[in-house]
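In case you want the letters, here they are:
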Amino acid sequence: MAQQNLSTPEELLHFQLRSARTMEDHSLEALADLRSAAKDKKIQKLFTHHADETREQIEKLRKVFELLDFKETTAPSPSTTGISKQAASLLERSDPKLHNQVALVSALGNEHFEISAYQGLVLQAQSLGAIEAAALLQENLDQETHTSEELHTALQELLA
Ligand SMILES: [Fe+2]
């Protein structure tokens, strides 16, 4: 059992930001794996583009640690560990001709988790009066939302 050691909203936000750093590292790994699984050039391009954005998101997270005067370390992100495991298992089980579909569906799940994580982070940073940090987190949230829309459209086109 985890030890109870988060007693203030600041400590809670710090811990969640540390998990978000791990979440983005997981995203970067997952995007590379899904990109190599996808056969379609357009889908591959989408993954490459979002991997570039993910690197920017990591830089923004690092800036948020700095703005809030939080030590930049990572904390576990069991949800994204699970999402990545599920994607790998689904790829293993499915015929290569289904891999474009699996890659899109799996990435969509990851994006939705990231959206919920940033929605919570933005509001918590705002409530602490950390306006500049909240704005950076909102930029990441907007990118994740845009990516989830692109993945959704690509999946619709693939299945049409
Ligand atoms: Fe991300």
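Here the structure is shown first, and the text comes after it.
Here the residue numbers are simple positions, counted from 1 along each chain's written sequence. Under the rules for a predicted model, residues below a pLDDT of 70 receive no local features and side-chain atom pairs below 80 are neither given nor counted, while totals for whole chains, interfaces and linings still include all residues. Side-chain metrics in this entry use all non-hydrogen atoms of the structure; hydrogen atoms and water are not considered.

Visitor: Looking at this model, I keep getting lost on the pattern of salt bridges. Mind explaining?
Guide: Working definition: two side chains of opposite charge can pair if their charged atoms are close together. We define a salt bridge as a side-chain nitrogen of Lys or Arg found within 4 Å of a carboxyl oxygen belonging to Asp or Glu. Here the structure, examined in full by the defined rule, presents 8 salt bridges. Of the charged contacts in the structure, one is a salt bridge between Asp-52 and Arg-55, with a shortest N-O distance of 2.9 Å. Of this pair, Asp-52 and Arg-55 are both found in helix H2 (residues 41-67), 3 residues apart, which corresponds to roughly one turn of the helix. Under the scheme applied here, a residue whose accessible area is under 20% of the maximum for its type counts as buried, over 50% as exposed, and between as partly exposed, the area being computed with a 1.4 Å probe on protein chains only. On the accessibility criterion, Asp-52 (40% relative accessible area) is partly exposed. The class for Arg-55 is partly exposed, based on a relative accessible area of 44%. The residue Lys-60 makes a salt bridge to Glu-139 at a minimum N-O spacing of 3.0 Å. Of this pair, Lys-60 sits in helix H2 while Glu-139 is found in helix H5 (residues 131-159), placing the two residues 79 residues apart along the sequence. Using a relative accessible area of 37% as the deciding quantity, one classes Glu-139 as partly exposed. One continuous salt-bridge network, built from bridges that share partners, spans Arg-21, Asp-25, Arg-62 and Glu-72. Secondary structure elements are taken from DSSP: a helix is a run of H or I of four residues or more, a strand is a run of E of two residues or more, and numbering for both begins at the N terminus.

Visitor: Got a minute to help me understand the coordination of the iron ion in this structure?
Guide: Ideal geometry at a metal centre gives angles of 109.5 degrees when four donors are arranged tetrahedrally and 90 or 180 degrees when six donors are arranged octahedrally. Metal sites are built from N, O and S donor atoms within 2.8 Å, or 3.2 Å for Na, K and Ca, and they leave out water, so they may look incomplete. The protein atoms donating to the iron ion are Glu-24 (OE), Glu-24 (OE), Gln-57 (OE1), Glu-114 (OE) and Glu-144 (OE), with metal-donor distances spanning 2.1 to 2.6 Å. One chain supplies every donor for the iron ion, spaced along it as E-x32-Q-x56-E-x29-E. Highlighted residues: Glu-114 in helix H4 (residues 99-127) and Glu-144 in helix H5, separated in sequence by 30 residues. What makes Glu-114 buried here is its relative accessible area of 0%.

Visitor: What should I look at first to understand the packing of helix H1 (residues 9-37) against helix H3 (residues 78-93) in this one?
Guide: The packing of two helices is summarised by the inter-axis angle and the distance between the axes. A fitted line through C-alpha atoms represents every axis, and for helices the fit uses only the stretch in contact; the resulting angles, taken between N-to-C directions, go from 0 to 180 degrees. Their axes nearest at 9 Å, the elements H1 and H3 cross at an angle of 10°. The angle between the axes of H1 and H3 places the two elements in the roughly parallel class. Counted together, Met-23, His-26, Ala-30, Leu-34 and Ala-37 of H1 and Thr-80, Thr-81, Ser-84, Ala-87 and Leu-91 of H3 form the full contact between these two elements. A per-class count over the contact of H1 with H3 returns 6 nonpolar, 4 polar and no charged. Roughly parallel means an angle under 35 degrees; roughly antiparallel, over 145; roughly perpendicular, 65 to 115; everything else is oblique. Every residue pair with non-hydrogen atoms within 4.5 Å of one another is taken to be in contact. Side-chain classes are defined by residue name, with Ala, Val, Leu, Ile, Met, Phe, Trp, Tyr, Cys and Pro counting as nonpolar, Asp, Glu, Lys and Arg as charged, and the others, Gly among them, as polar.

Visitor: Where do I start with unusual backbone geometry in this structure?
Guide: Positive phi is not limited to glycine here, since Asp-69 has a value of about 60°. Locating Asp-69 in the fold gives a position in the loop between H2 and H3.

Visitor: Looking at this model, I keep getting lost on H2. Mind explaining?
Guide: Helical geometry note: an α-helix holds 3.6 residues per turn, so side chains three or four residues apart project in the same direction. What a helix is expected to span follows from its residue count: subtract one and scale by 1.5 Å. Compared with an ideal rise of 1.5 Å per residue, which puts 27 residues at 39 Å, H2 spans 39 Å between its outermost C-alpha atoms and is within 8% of the ideal. Pairs of N or O atoms within 3.5 Å make up the polar contacts considered here, provided that, within protein, one atom can donate a hydrogen while the other can accept it, and that residues adjacent in sequence are counted only when both atoms are side-chain atoms. Where H2 begins, one side-chain oxygen reaches toward the backbone nitrogen of Lys-42, 2.9 Å away; that side chain belongs to Asp-40. Backbone geometry just after H2 places Asp-69 at a positive phi near 60°.

Visitor: Just to check I follow, could you spell out the nonpolar core for this structure?
Guide: Buried together is how nonpolar side chains tend to be arranged in soluble globular proteins. Buried Ala, Val, Leu, Ile, Met, Phe, Trp, Tyr and Cys residues that are joined via side-chain atoms within 4.5 Å together make up what is termed a nonpolar core. Residues Leu-13, Leu-17, Val-64, Leu-68, Tyr-118, Leu-121 and Leu-137 are the most contacted members of the largest nonpolar core, which totals 20 residues. Secondary-structure elements contributing two or more residues to this core are H1, H2, H4 and H5. Excluding residues within four positions of it along the chain, Val-64 makes contact with Leu-17, Ala-133, Leu-136 and Leu-137. With 18 residues, the next largest nonpolar core counts Ile-43, Ala-103, Leu-104 and Leu-155 among its residues.

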